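Coordinate inspection notes
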Amino acid sequence: MWRARRATEACEVCRSLVSAGCAIRGALSLPQPRLVSRSLHHPRPPTARPPRAQLQGCQPFSSLSHLALRRWKLSPAKPSYQSRRHFWPARLAARLLRLRYLLLGSAVGGGYTAKKTFDQWKDMMPDLSDYKWIVPDFVWQLDEYIDLEKLSKALPDSEALAKLIPDLDKLAGSFSLLKDFFSTGTSGETAFRATDASESDRQFKKVTDKEKVEQLQEELLRTQLKYQRILERLEKENKELRKLVLQRDDKGIHHRNLKKSLIDMYSEVLDVLSDYDASYNTQDHLPRVVVVGDQSAGKTSVLEMIAQARIFPRGSGEMMTRSPVKVTLSEGPHHVALFKDSSREFDLTKEEDLAALRREIELRMRKNVKEGYTVSPETISLNVKGPGLQRMVLVDLPGVINTVTSGMAPDTKETIFSISKAYMQNPNAIILCIQDGSVDAERSIVTDLVSQMDPHGRRTIFVLTKVDLAEKNVASPSRIQQIIEGKLFPMKALGYFAVVTGKGNSSESIEAIRDYEEEFFQNSKLLKTSMLKAHQVTTRNLSLAVSDCFWKMVRESVEQQADSFKATRFNLETEWKNNFPRLRELDRNELFEKAKNEILDEVISLSQVTPKHWEEILQQMLWERVSTHVIENIYLPAAQTMNSGTFNTTVDIKLKQWTDKQLPTKAVEVAWETLQEEFSRFMTEPKGKEHDDIFDKLKQAVKEESIKRHKWNDFAEDSLRVIQHNALEDRSITDKQQWDAAIFFMEEALRGRLRDTETVLENMVGPDWKKRWMHWMGRTQEQSVHNETKNELEKMLKCNEEHPAYLASDEITTVRKNLESRGVEVDPSLIKDTWHQVYRRHFLKTALSHCNLCRRGFYYYQRHFVDSELECNDVVLFWRIQRMLSITANTLRQQLTNTEVRRLEKNVKEVLEDFAEDSEKKLKLLTGKRVQLAEDLKKVREIQEKLDAFIEALHQEK
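Everything numeric in this text was worked out from a predicted model, so none of it was measured. (Residues numbered from 1 in each chain as written. Predicted model: local features only at pLDDT ≥ 70, side-chain atom pairs only at ≥ 80, totals over all residues. Heavy atoms only, no water.)

Right, let's get into the overall build of the protein chain. When helices and strands are counted, the protein chain shows 34 helices and nine strands. Buried positions account for 44% of the 958 residues belonging to the protein chain. A sequence separation of at least 24 residues applies to 80% of the contacts in the protein chain between residues at least 6 apart. Entry remark: accessible area of the protein chain is about 52,900 Å², with carbon and sulfur atoms responsible for 51%. (Helix = DSSP H or I, 4+ residues; strand = E, 2+ residues; numbered from the N terminus. Buried < 20%, exposed > 50% of the residue type's maximum accessible area, 1.4 Å probe, protein only. Contact = heavy atoms within 4.5 Å. Areas by Shrake-Rupley, 256 points an atom, 1.4 Å probe, with all protein chains shown as cover.)

Put into structure tokens, the structure is as follows:
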């Protein structure tokens, strides 16, 4: 009976071990392989698989649980032959059961040992996920064929093992007691006992020595760093070899043209797209790495470590990033940087070029920031090439601030938030969230902003900077572990990284920072105590992870974006055909070139104006400008002297003064205004059916700017002064035709002045009796007083037609008393004003009648006869003025055609060249639906073409 009980107990233990073995075998099933990014730290998603314990492969083991052991009943002793006859089934069962025990024990012990060995081996291996090009692909898929989660669940925990150990001791005793019962030979029993003892000792040995654990952890870390250094050395050698190959290709040794790199093609797409969609609306869903963080959190330092060069301007606590900077990283033979709109290359291995690059970036930022603002949404595009750089596009944004300090615009905080949101709201943008580890986490602003834009953390990578300061200053290192595990901040992320970006010295080189970072993490307790994983530290691992995520996002979204732009192009082409079916699709630059050619043709037309036309308009405009001065300041004062000698003397003096001071300047002004009017006439007059009003604003702006820049030749006034002085000195009228022309010129001038004088006098005295009766018009009280005064003065002139130009005091008194006698109260000043206009009209009428008499005076003038009635000195004066005008017009015409028109044409070309480089000017001057539609159509076509080329190259790279 005791043997039966022992056998029953042994079978029960075996059943439990068999069940565990089946579960282990189910855990070791081979699922379909799937690719997982080893560089990002996130839990493995669960997969739906049927339990392998239920499959056919486990049926023989699970059938053990259905066996029923026979209960042995002891009967009295029987003959020996009967005992041998009835005992052979038991011996056969014993052999079978012992074979099963050996197999099952080996399976359980071997499985547990394999699991433990696999875990130890896996922990000792360094993180080689970034070196897939070295290790074969099947190694990375090993964990996909072994479901470690099921394996860990299938194995008993520590408590179960503790309970199981005594049972194993009893089982060993039972096996020794059953030795005689299952006696079939010593070799099998020895093997079973040896296997049971060795496997039990190997599986359930406990390590309780804390120092030994720490020693093993340090040894493991040293092993990881050793492999890390070996891989870095290999990578450095590989970089040098690739550099040599690229340099040989760059020198044309292989005689082949190097195509644009894949990342350069993608960067061009982003540049064109940013021009088309400056506000980053829904059209722009192409991936880019957006770097955001609090001010002075270390964004720029992280970017420089990824770019392997100190390329950004730096300041201590001051906002340095004032506009977004798009940095395109690509591989190349030389470590250089260049801007999108410039051909100059900055050698990043030379300190002077680095300093020049930083100054250029700072200047471009300040240029982008408009007056009254602190930051700008305009993007600076920079390409950085070098051996071993990870290919990606990063955008460095201004740091998020919490308080606006003095010197900043009041809306700086809101502007930075709007710029950051504009980039982060792109559903395919990868958000690189930078957090300063040396400050309290509660002071962070950017994490709340990132959690709003990406609440599920599907495209966010968190980077904790200044970990060296954090480890030194933070009282609880577990707080750093909480941050890296994503348990402290409300935001979620794809991966979490910890980096060190130097000791805070702006003069540190990238190599020194990298060495310091490696040394810090080698000695850091955060790694030794397993608070941080090896693949979560260093900017190098960060750049590899970001690059992998970037290209994964690009491959998933670029074709969808290409389809979107195809649809947009079709809609724009349809709209153009419906609105402008007979016009070419000219964008803003093409329209500007067309307008430029038209403007240059119109400027050239100035040189085709005839000399006669120039002289006529110049003489006419010059007389309009100087006529008032000639009549009011020269002719009337001299003519009112009533003496021939005095007249000529007065005229000569005033003409000399006028020529020396005012006349040359006035002549140049007239010539310049004449040129402007003619230029404006050619620019603005319609060209018939060919006239396009879309160019009107541009032509007006070009005209105004060209005129503003034009300055007449400084020597023109001096030459004119001499010519005009000589012309006015000449008094010899050679023929009757000139005499008659002078008289006609004088009459025209005097008639014009007489009309002006009568108009002034009419406004002074009011309407006459005809207008009052026919148009029902009346006089005011003041006009009535002026009219009474005028009548009184006309009576006085009628009595003395040779009256001088000025009234005597007694004459003013007489006029006032005569008016008072009629009940009209007047002021002496009113009498003088009225007299001036009355006498002026009387004098001009007398001068006109004298002109009629002088028509026959040329005979006396030619023979120098003196006749008091025919003293025509005033005719000679107007002939001198007329001749001066003719000579001046001729001189100005020569200056215009020979010099000034060409200078104006040169100014117009310069203005057009300046406008061609100023996109804001073109955007302001060439406007309208037609222009914008053509502009959008061209941009969308360009984007689609570049996207198609990029997608084709992307497929070829696969």
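Alright, that's what it looks like, and here's the rest.
With that settled, the discussion passes to the environment of A309. Mapped onto the fold, A309 is located in the loop between α11 (299-307) and β2 (325-331). Measuring from C-alpha to C-alpha, the distance between A309 and I510 comes to 6.2 Å, with 201 residues separating the pair along the chain.

This paragraph deals with helix α17 (residues 510-523). The end-to-end C-alpha distance of α17 is 20 Å, a good match for the 20 Å that 14 residues give at a rise of 1.5 Å each. Within α17, burial applies to I510, I513, E517, F520 and F521. Looking straight down α17, one finds that the buried residues subtend no more than 90° of arc, so they occupy a single side. Summarising the contacts, the buried residues of α17 are in contact with α11, α15 (467-473), β9 (495-498), α18 (525-528) and α19 (539-579). (Expected span 1.5 Å × (residues − 1). Arc of directions from axis to C-beta.)

Attention now moves to the state of the cysteines. Under the counting rule described, the total for this entry stands at one disulfide. There is a disulfide in this structure between C854 and C872, and the S-S distance comes to 2.0 Å. In this structure, the disulfide formed by C854 and C872 twists by about -100° around the S-S bond and is classed as left-handed. Of this pair, C854 sits in helix α30 (residues 828-854) while C872 sits in the loop between α31 (858-862) and α32 (873-917), and the two are 18 residues apart along the sequence. Taken as a pair, C854 and C872 share a single burial class, namely buried. Unpaired in terms of disulfides, C851 finds its nearest cysteine sulfur in C854, a separation of 6.5 Å. (Disulfide = S-S within 2.5 Å.)

Of note, Q308 is a non-glycine position whose phi angle comes to about 60°, a positive value. Residue position: Q308 is located in the loop between α11 and β2. Phi at T538 is positive, roughly 75°, even though this residue is not glycine. Mapped onto the secondary structure, T538 falls in the loop between α18 and α19. Taking the relative accessible area as the measure of exposure, T538 reaches 14% and is therefore buried.

Counting residues in hydrophobic clusters, the biggest one holds 104 residues, and the most contacted among them are Y635, W658, L675, W739, I881 and V908. Looking at which element gives the most residues to this core, the answer is α32, with 17 residues. Each residue touching L675, except ones within four places of it in the same chain, is listed here: L606, W614, W712, L896, E900, V901 and L904. M392, V546, F565 and L937 belong to the second-largest nonpolar core, a separate cluster that totals 71 residues. (Core = buried A, V, L, I, M, F, W, Y, C linked by side-chain atoms within 4.5 Å.)

Attention now moves to the pattern of salt bridges. This model, assessed by the stated rule, comprises 40 salt bridges. Here R731 makes a salt bridge to D652, at a shortest N to O gap of 2.4 Å. With a gap of 79 residues between them, R731 in the loop between α25 (716-729) and α26 (736-765) and D652 in helix α22 (residues 644-661) connect regions that are remote in the sequence. Close ionic contact of E794 with R841 constitutes a salt bridge, the shortest N to O distance being 2.4 Å. Taken as a pair, E794 in helix α28 (residues 781-799) and R841 in helix α30 lie far apart in primary sequence, 47 residues in all. Classification of R841 as buried rests on a relative accessible area of 18%. (Salt bridge = Lys/Arg side-chain N within 4 Å of Asp/Glu carboxyl O.)

Along any regular strand, the residues point their side chains to alternate faces of the sheet. Residues V336 and L338 point to one face of strand β3 (residues 336-339) and A337 and F339 to the other, with burial holding for every one of them. Alignment of β3 against strand β4 (residues 346-347), held across two bridges, turns out to be antiparallel. By the bridge assignment for β4, A337 is matched with F346. Bridge count for β3 against strand β5 (residues 380-386) is four bridges, and the pairing is antiparallel. In the strand pairing of β5, F339 is matched with L382. (Pairing = 2+ DSSP bridges.)

Taken together, the side chains of K697, K708, K921 and K924 present a region of like positive charge at the surface. Its place among the elements puts K697 in helix α24 (residues 696-709). (Patch = residues over 30% accessible without salt bridge, like charges linked within 9 Å, V, L, I, M, F, W, Y side chains within 5 Å. Lys, Arg positive; Asp, Glu negative; His and termini not counted. Charge placed at Lys NZ, Arg CZ, Asp CG, Glu CD.)

Moving on to the sheet that holds strand β8 (residues 460-465). Reading across from one edge, β4-β3-β5-β2-β6-β1-β7-β8-β9 is the order of the nine strands in this open sheet, with mixed pairing throughout. Single-partner strands in this sheet number two, and they are β4 and β9. Relative to β8, strand β7 (residues 430-436) is paired through six bridges, and the arrangement is parallel. If you follow C433 over to β8, its bridge partner there is F462.

What follows deals with the packing of helix α20 (residues 588-606) against helix α23 (residues 663-684). Close contact between α20 and α23 brings their axes to 9 Å; oriented N to C, the two are set at 135°. The angle between the axes of α20 and α23 places the two elements in the oblique class. Classified by chirality, the crossing of α23 by α20 is right-handed. Two secondary-structure elements touch here, α20 through I599, E602, V603, S605 and L606 and α23 through L675, E678, F679, F682 and M683. A per-class count over the contact of α20 with α23 returns seven nonpolar, one polar and two charged. (Axes fitted to C-alpha atoms, helices over the stretch in contact; angles between N-to-C directions. Parallel < 35°, antiparallel > 145°, perpendicular 65-115°, else oblique. Left-handed = near helix turned anticlockwise from the far one by under 90°. Nonpolar A, V, L, I, M, F, W, Y, C, P; charged D, E, K, R; others polar.)

Each turn of an α-helix holds 3.6 residues, which means side chains three or four residues apart point in the same direction. Counted at 1.5 Å a residue, the expected span for α25 with its 14 residues is 20 Å, and the 20 Å between its end C-alpha atoms agrees. For α25, the complete set of buried residues consists of A716, L720, Q724, A727 and L728. Looking straight down α25, one finds its buried side chains confined to an arc of 90°; they lie on one side.

For the coordinates displayed, the defined rule picks out 15 aromatic pairs. Taking NZ or CZ as reference, R364 lies 4.0 Å from the ring centre of F339, over its face. Sitting over the ring of F592, K922 keeps its end group 5.7 Å from the ring centre. (Phe/Tyr/Trp six-rings, centres within 6.5 Å; stacked < 30°, edge-to-face > 60°. Lys NZ or Arg CZ within 6 Å of the ring centre and 35° of its normal.)

Take a nonpolar patch on the surface next. A surface patch of nonpolar side chains, amounting to about 490 Å² of accessible area, comprises W769, W773 and M774. Checked against the element boundaries, W769 lands in helix α27 (residues 769-774).

Time to look at the side chain of T674. Along the polypeptide, T674 turns up in helix α23. Beyond its immediate sequence surroundings of up to four residues, T674 is in contact with W614, I617, L618 and M621.

Bringing the environment of M884 into the picture now. With respect to the element layout, M884 can be found in helix α32. A C-alpha to C-alpha distance of 9.6 Å links M884 and E729, two positions 155 residues apart in sequence. Setting aside residues up to four positions removed in sequence, M884 forms contacts with W658, L663, Q724, A727 and L728.

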